[in-house]
Amino acid sequence: DSHAAERLRELNIHCELFPARTFEEYFSTLERLGKLLGKESEAHREITAGCARIIRWEQANRSTPPDKRPRVLVIIGVSPVVTAGKQSFLTRMIELAGGRNCAAEVDRNYFRCSFEQIQLWQPEVILAPGLPSTQVRTLEQSPGWSSLPAVRNQRILTDIDADLLYRLGPRSFDGIELLREKLKPQE
């Protein structure tokens, strides 16, 4: 945190903080780390590869109109439900994966939401990496949840490594690729 960084600087220890709230910040961090470590070419290669994947996904997504992409609800916590809004990099990840974040209109990063709001969104996929099966069952058995398309169609995704989605970094691209597979229309 910034307090710890300030303390290290007081001790004449070089310290830099690297925010990673967006892909742009992540790429800037890679560039800066490359310079600090004398690995500019490796950093440039990683940035180029990441940007190329993003462009490829954006191009592939153009064939599906936004209103035909699955509505995805991210569940980060339960009791109450905590989800990701417009300011979260998860919204961008879901878009790149070919989905639409139900909460993308809420101008926040993470927030609590009511079941009534979730009912209005009618998510077709619930993304809950690492959510224990006991909590999934509790949600499914809660009043009204069985009426949600994601629950009716058994599209609650818990089997994705949370680190691939919840920590913006090099593995995020693997998380998006995996999510792309999971969001494909069911046959």
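Use the structure listed above.
Everything numeric in this text was worked out from a predicted model, so none of it was measured.

Basis of the calculations
Residues numbered from 1 in each chain as written. Predicted model: local features only at pLDDT ≥ 70, side-chain atom pairs only at ≥ 80, totals over all residues. Heavy atoms only, no water. Axes fitted to C-alpha atoms, helices over the stretch in contact; angles between N-to-C directions. Helix = DSSP H or I, 4+ residues; strand = E, 2+ residues; numbered from the N terminus. Parallel < 35°, antiparallel > 145°, perpendicular 65-115°, else oblique. Contact = heavy atoms within 4.5 Å. Nonpolar A, V, L, I, M, F, W, Y, C, P; charged D, E, K, R; others polar. Core = buried A, V, L, I, M, F, W, Y, C linked by side-chain atoms within 4.5 Å. Buried < 20%, exposed > 50% of the residue type's maximum accessible area, 1.4 Å probe, protein only. Pairing = 2+ DSSP bridges. Polar contact = N/O pair within 3.5 Å; in protein donor to acceptor, adjacent residues only side chain to side chain. Phe/Tyr/Trp six-rings, centres within 6.5 Å; stacked < 30°, edge-to-face > 60°.

(A) Spotlight on the packing of helix 3 (residues 40–61) against helix 4 (residues 89–96). One way to put it is that helix 3 packs onto helix 4 with a least axis distance of 9 Å and a crossing angle of 60°. When the axes of helix 3 and helix 4 are compared, the pair comes out oblique. Note on element contacts: helix 4 touches helix 3 through Arg92, Glu95 and Leu96, opposite Ile54, Trp57, Glu58 and Asn61. When grouped by side-chain class, the residues that make up the contact of helix 3 with helix 4 number three nonpolar, one polar and three charged.

(B) Representation of the nonpolar core in the model. Counting residues in hydrophobic clusters, the biggest one holds 26 residues, and the most contacted among them are Phe23, Phe27, Leu127 and Leu179. Looking at this core, the elements that each hand over two or more residues are helix 2 (23–37), helix 3, strand 1 (71–74), helix 4, strand 5 (125–127) and helix 9 (172–183). Looking at this core, the element that brings in the most residues is helix 4, giving five residues. Not counting the four nearest positions on each side in its chain, Phe27 is found in contact with Ile47, Gly50, Cys51, Ile54 and Phe173.

(C) Fine view of the pairing of strand 4 (residues 110–113). Of the two faces of strand 4, only one is covered, namely that formed by Phe111 and Cys113; the face formed by Tyr110 and Arg112 stays uncovered. One ladder, built from four bridges, connects strand 2 (residues 81–84) with strand 4; its direction is antiparallel. Of the residues in strand 4, the one forming a bridge with Thr83 is Phe111.

(D) Looking closely at the side chain of Thr83. Relative to the assigned elements, Thr83 resides in strand 2. Engagement of the side chain of Thr83 in a polar contact is seen with the backbone oxygen of Val74, the distance being 2.5 Å. Apart from the residues lying within four places of it in its own chain, the contact partners of Thr83 are Leu73, Val74, Ile76, Ala103, Asn109, Tyr110, Phe111 and Cys113.

(E) Broad picture of the side chain of Asn101. Mapped onto the elements of the fold, Asn101 is located in strand 3 (residues 100–101). Polar contacts involving the side chain of Asn101 include one to the main-chain amide nitrogen of Ala103, which spans 3.0 Å. In contact with Asn101, other than residues within four places in its own chain, are Val72, Ala84, Gly85, Thr91 and Ile94.

(F) Summary view of the packing of aromatic side chains. Enumeration according to the criterion identifies six aromatic pairs in this entry. The interplanar angle of 25° and the centroid separation of 6.2 Å between the aromatic rings of Phe27 and Phe173 together place this pair among those described as stacked. Pair noted here: Phe27 is in helix 2 and Phe173 is in helix 9, with a separation of 146 residues, a long-range link. Take Phe173: its relative accessible area is 3%, and that puts it in the buried class. For the pair Phe115 and Trp145, a centre-to-centre distance of 5.2 Å together with 35° between the ring planes defines the contact as tilted.

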